[in-house]
Amino acid sequence: MADTLPVETLSLVDGVAYVDETKGSDETGNGSVETPYQSPVQALLVHGKDVKIHVWKVAAADSDEVSGYTLISPTALKKAVKKLAEVEKKAKKMAEQAAEQAAKDQAAAEERERVLEAAKQVVLTEDASLPKATSIKIRNGVANRGKRVKVSGWVHRLRVQGKNMTFIILRDGTGYLQCVLTDNLCQTYDALTLTLESTVTVYGVINELPAGKTAADNHELTVDYWECLGKAPGGEHAMSNKVNENSDPSVKYDLRHLVLREEKASNILKVRSEVMKAFRSYFDGEGYVEVTPPALVQTSVEGGSTLFELNYYNEKAYLTQSSQLYLETCLPSLGDVYCLVGSYRAEKSHTRRHLSEFTHCEAEMAFITFDDLLDRLEDMICGVIDSVLAHKQSADIVYKLNPNFKKPERPFLRMDYSDAIQYLKDNDIKKEDGTFYEFGEDIPEAPERAMTDKIGRPILLCRFPVEIKSFYMKRCPENLRLTESVDVLMPGVGEIVGGSMRISDLDELMAAYKRESLDPSPYYWFTDQRKYGTAEHGGFGLGLERYVAWLLNLHTVRDACLYPRFTGRAFP
Ligand code: 4AD
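Each value, and the rule that gives it
Along every chain, residues carry numbers that run from 1 in the direction the sequence is written. Thresholds applied to this predicted model are a pLDDT of at least 70 for local features of residues and 80 or more for the giving and counting of side-chain atom pairs; totals over whole chains, interfaces and linings are not thresholded and use all residues. Think of the side-chain values as coming from all heavy atoms in the structure, minus any hydrogens and water. Note on conventions: DSSP H or I runs of at least 4 residues are helices, E runs of at least 2 residues are strands, and numbering of each starts at the N terminus. We take the radius of gyration over the C-alpha atoms and set the globule estimate at 2.2 Å times the residue count to the 0.38 power. Burial classes follow relative accessibility: with a 1.4 Å probe on protein chains only, a residue under 20% of its type's maximum area counts as buried, one over 50% as exposed, and anything between as partly exposed. Note on contacts: a residue pair is in contact if any heavy atoms of the two residues lie within 4.5 Å. Computed with the Shrake-Rupley method and a 1.4 Å probe, the accessible areas treat only the protein chains shown as cover for residues. For this purpose, a residue is taken to be near a molecule or strand whenever a single non-hydrogen atom of the residue falls within 4 Å of it. Pairs of N or O atoms are called polar contacts if they sit within 3.5 Å, as long as, within protein, a hydrogen donor faces a hydrogen acceptor (for residues adjacent in sequence, only side-chain-to-side-chain pairs). Under the scheme applied here, ten amino acids are nonpolar (Ala, Val, Leu, Ile, Met, Phe, Trp, Tyr, Cys and Pro), four are charged (Asp, Glu, Lys and Arg), and all others, including Gly, are polar. Each pair of strands is called paired provided DSSP finds at least two bridges between the two strands. Throughout, an axis means a line fitted to C-alpha atoms (over the contacting stretch in the case of helices), and angles, computed between N-to-C directions, take values from 0 to 180 degrees. Any angle that is under 35 degrees is reported as roughly parallel, and any over 145 degrees as roughly antiparallel; angles of 65 to 115 degrees are reported as roughly perpendicular and all others as oblique. Only four residue types enter the tally: Lys and Arg on the positive side, Asp and Glu on the negative side, with His and both chain ends excluded. Counted as salt bridges are all cases of a side-chain nitrogen of Lys or Arg within 4 Å of a carboxyl oxygen of Asp or Glu. Each crossing is labelled by how the near helix is turned from the far one, with a counterclockwise turn of less than a right angle marking it left-handed and a clockwise turn marking it right-handed. Between the rings of Phe, Tyr and Trp (Trp by its six-membered ring), a pair exists once the centres lie within 6.5 Å; its type follows the angle of the planes, with under 30 degrees stacked, over 60 edge-to-face, and the other angles tilted. Remark: a charge is flagged as sitting over a ring if the NZ atom of Lys or the CZ atom of Arg is within 6 Å of the ring centre and within 35 degrees of the ring normal.

Colleague: Explain the overall build of the protein here, please?
Modeller: When helices and strands are counted, the protein shows 15 helices and 22 strands. Taken over the C-alpha trace, the protein has a radius of gyration of 37 Å; the compact-globule value for 572 residues is 25 Å, which it surpasses by more than 25%. Each principal axis of the C-alpha atoms in the protein carries an extent, and together these give about 110 × 90 × 50 Å. Counting only residues that meet the buried cut, the protein has 46% of its 572 residues in that class. Within the protein, residue pairs in contact and separated by at least 24 positions form 63% of the contacts whose partners lie at least 6 positions apart. By element, 52% of the accessible surface of the protein is carried by carbon and sulfur atoms, the whole surface being about 30200 Å².

Colleague: So what exactly am I meant to see when it comes to the site of the ligand here?
Modeller: Lining the immediate surroundings of the ligand are 23 residues, of which Glu302, Gln324, Glu362, Glu495 and Ile496 lie closest. Separating an oxygen atom of the ligand from a side-chain N or O atom of His360 is a distance of 3.5 Å. Side-chain polar atom of Arg502 to an oxygen atom of the ligand: 3.0 Å apart, as the coordinates give it. Looking at the shell around the ligand residue by residue, the classes come out as seven nonpolar, eight polar and eight charged.

Colleague: Help me understand the sheet that holds strand E12 (residues 308–312) in this model?
Modeller: Hydrogen bonds along the backbone pair up the strands of a sheet, which may run parallel or antiparallel. Spatially, E11-E13-E12 is the arrangement adopted by the three strands of the open sheet, whose pairing is antiparallel. Unpaired on one side and paired on the other, strand E11 (296–297) and E12 mark the two borders of the sheet. Two strands pair when backbone bridges link them, and E11 and strand E13 (residues 315–319) are joined in this way by two bridges, in the antiparallel orientation. Residue pairing across strands places Val297 opposite Tyr318, the latter belonging to E13.

Colleague: Help me understand the environment of Leu327 in this model?
Modeller: With respect to the helices and strands, the residue Leu327 is situated in helix H8 (residues 324–334). Residue classification places Leu327 among the buried positions, given a relative accessible area of 0%. Along the chain, Leu327 and Arg353 lie 26 residues apart, while their C-alpha atoms are 25 Å from each other. Leaving out residues up to four positions away in the same chain, Leu327 has contacts with Val291, Pro293, Val337, Tyr338, Cys339, Glu362, Ala363 and Glu364.

Colleague: What is the right way to read the packing of helix H13 (residues 506–515) against helix H14 (residues 524–531) from this model?
Modeller: The description of two packed helices rests on the angle between their axes and on the distance between the axes. Put simply, H13 and H14 touch, their axes get as near as 9 Å, and they point 150 degrees apart. If you check the angle between H13 and H14, you find them roughly antiparallel. Residue-level inspection shows Leu506, Leu509, Met510 and Tyr513 of H13 in contact with H14, the latter providing Phe526, Thr527, Arg530 and Lys531. Its residues placed into classes, the contact of H13 with H14 shows five nonpolar, one polar and two charged.

Colleague: Just checking my understanding: could you explain the side chain of Arg345 for this structure?
Modeller: Its place among the elements puts Arg345 in the loop between strand E14 (337–344) and strand E15 (357–366). With no salt bridge to any partner, buried Arg345 finds its closest opposite charge in Glu347, at an N-O distance of 5.2 Å. Among residues more than four places away in sequence, those in contact with Arg345 are Glu302, Thr306, Phe308, Gln321, Ser322, Leu355, Ser356, Phe358 and His360.

Colleague: Would you mind going over the packing of helix H7 (residues 263–285) against helix H10 (residues 392–401) with me for this structure?
Modeller: Where H7 contacts H10, the axes come no closer than 10 Å and their chain directions differ by 130 degrees. Here H10 runs oblique to H7, going by the angle between their axes. Note on packing geometry: the crossing formed by H7 with H10 is left-handed. Within the contact between the two elements, H7 uses Glu263, Lys264, Asn267, Ile268, Lys270, Val271 and Glu274 and H10 uses Gln393, Ser394, Ile397, Lys400 and Leu401. For the contact of H7 with H10, the per-class residue count stands at four nonpolar, three polar and five charged.

Colleague: Would you take a moment to explain the pattern of salt bridges for this structure?
Modeller: If charged atoms from side chains of opposite charge come close, those side chains can pair. Inspection of the entire model under this criterion finds 36 salt bridges. Between Glu126 and Arg148 there is a salt bridge, and its shortest N-O distance comes to 3.1 Å. Residue Glu126 is found in the loop between helix H2 (74–119) and strand E4 (134–135), and its partner Arg148 is found in strand E5 (residues 148–160); the two are separated by 22 residues along the sequence. Given a relative accessible area of 6%, Arg148 falls into the buried group. Through salt bridges with shared partners, a single ionic network connects Asp375, Glu378, Asp379, Arg410 and Arg414.

Colleague: Any chance you could explain the packing of aromatic side chains here in plain terms?
Modeller: Two descriptors summarise a pair of aromatic rings, namely the distance from one centre to the other and the angle between the planes of the rings. Inspection of the entire model under this criterion finds 21 aromatic pairs. Geometrically, the ring pair formed by Phe283 and Tyr338 is stacked, given 4.3 Å between the ring centres and 20 degrees between the ring planes. Taken together, the residues span a long stretch of sequence, with Phe283 in helix H7 and Tyr338 in strand E14 at a distance of 55 residues. Residues Phe283 and Tyr338 agree in their burial class; the two are buried. The side chain of Arg159 reaches across the aromatic face of Phe167, ending 4.5 Å from its centre.

Colleague: Please clarify how helix H15 (residues 544–552) should be interpreted in this entry.
Modeller: Most of H15 sits inside the fold, with nine of its nine residues counted as buried. Among all positions of H15, only Leu544, Glu545, Arg546, Tyr547, Val548, Ala549, Trp550, Leu551 and Leu552 are buried. Positive phi appears at Asn553, one or two residues downstream of H15, with a value of about 55 degrees.

Structure representation (structure tokens):
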């Protein structure tokens, strides 16, 4: 039954309102035979107490009567009239309450308007007798305690404590700073209308906090003057209303530019930056030269099925899958080389470790053996962890996001592909169809991760069969069915590195092109490496996002990117 009063009285035929308890409706009925009400109260409510109510009566199966409308019984009518009184009373009370609330809201709005109007008269001026403020970034706050400073940033958190005190947590990308505004500083128009994500410049002195109080860096800035530079929207357009922890993932990716302002997202990017620095510093320390190979290419490295094709001045070109072949060409001129650039894969994979564009850390080394390659990989992975953890801010983030993080113990487990196939059998890890993986089959993501998680430590998985690996891989001298190849598997993520020794012999390479049905002509520059002074060499590629996801225990590599690119998403 609708408990609102009628807006218009509906006319009835002969003043009769029809009621059918099972088929009628108080919401959509109008009292006619065709669309009866559900309750007698609704008939009284809409048409007044003098209405004649006819109710649908179902005849008992064993009686001579027939079902049909009959005049309401006096008892039922009495009951309905009583209920009507209750309904009217309730409706009256609600109307009174609504009017009271509206009056209160109106008064509050007028009071707010009055306060805001008055606040416009509060104009702040910087006290010229104070020392000139030095502009600083928040990360330098500790070193600048006790001096008058000027800090600009975004309002990350805001807490108004009565009329005379407002706390702002300011964010400038380098850190967070608690700022306290007192008295007229928090009574200006801007102070009263300040919103999260607005930009401000605050002036004042940073002081250590007394014992018992907490804030970032254990200090706060006592503001003596401030300005609002740009106000962010409040209310329904406030950032927290557009996107928050509970938002759908697709909303979060659409609004990634706002999500990046949150602590977790920005912390991940800070660690990512440190990881990139650590890789560079590792390679630099080992004497590698950094190169930047092209993204636009006309040859494939990892098979044609995952190439993004594009029209390049009316010729077919692709986005590179790997810079490996170019790195190989640098060995004779630059010695060991590495690059840290984008690679692109067009596979329509939706797994949590696949991206369409990822940052690929690749290295190539000359005159090494397969064992050297494995040692170097292990050395690099551990060296980078040590550098990242030596950076205090990054270490804090690593342990905050991944409290159980433990540096992997060396040496890593070295396991052959054939032993992995046996491991899957011994541990009952099967295919979806219930059969076991057999030698010669690719071990996909799920079983690979199941095995890695079960072993619980990094694995250098070595010597894959020729048929499941790329054309350029060198065969194992002791078993020509196998390649000198390696995948590094990490618990939680699975494969983070793919690497191998490369074919150094010209004839062998020509045979490999043939086996893979690759036309050798566009690869002439790669082939030439085997003609103009060949060398045993090898290298690897590491997915930066996978490394970061492993280090920070992220559920998906997408969160390790600034703006992730995956199937169906190339924006914003
Ligand atoms: O195993 P992959 O395909 O090896 C190569 O591209 C070699 N040419 C690298 C080389 O020897 N220089 O890829 C190497 C690594 C993977 O282990 C993974 O970490 C990352 O690159 N990777 C991806 N990361 C995110 N999304 C994808 N779609 C990726 N594909 C590969």
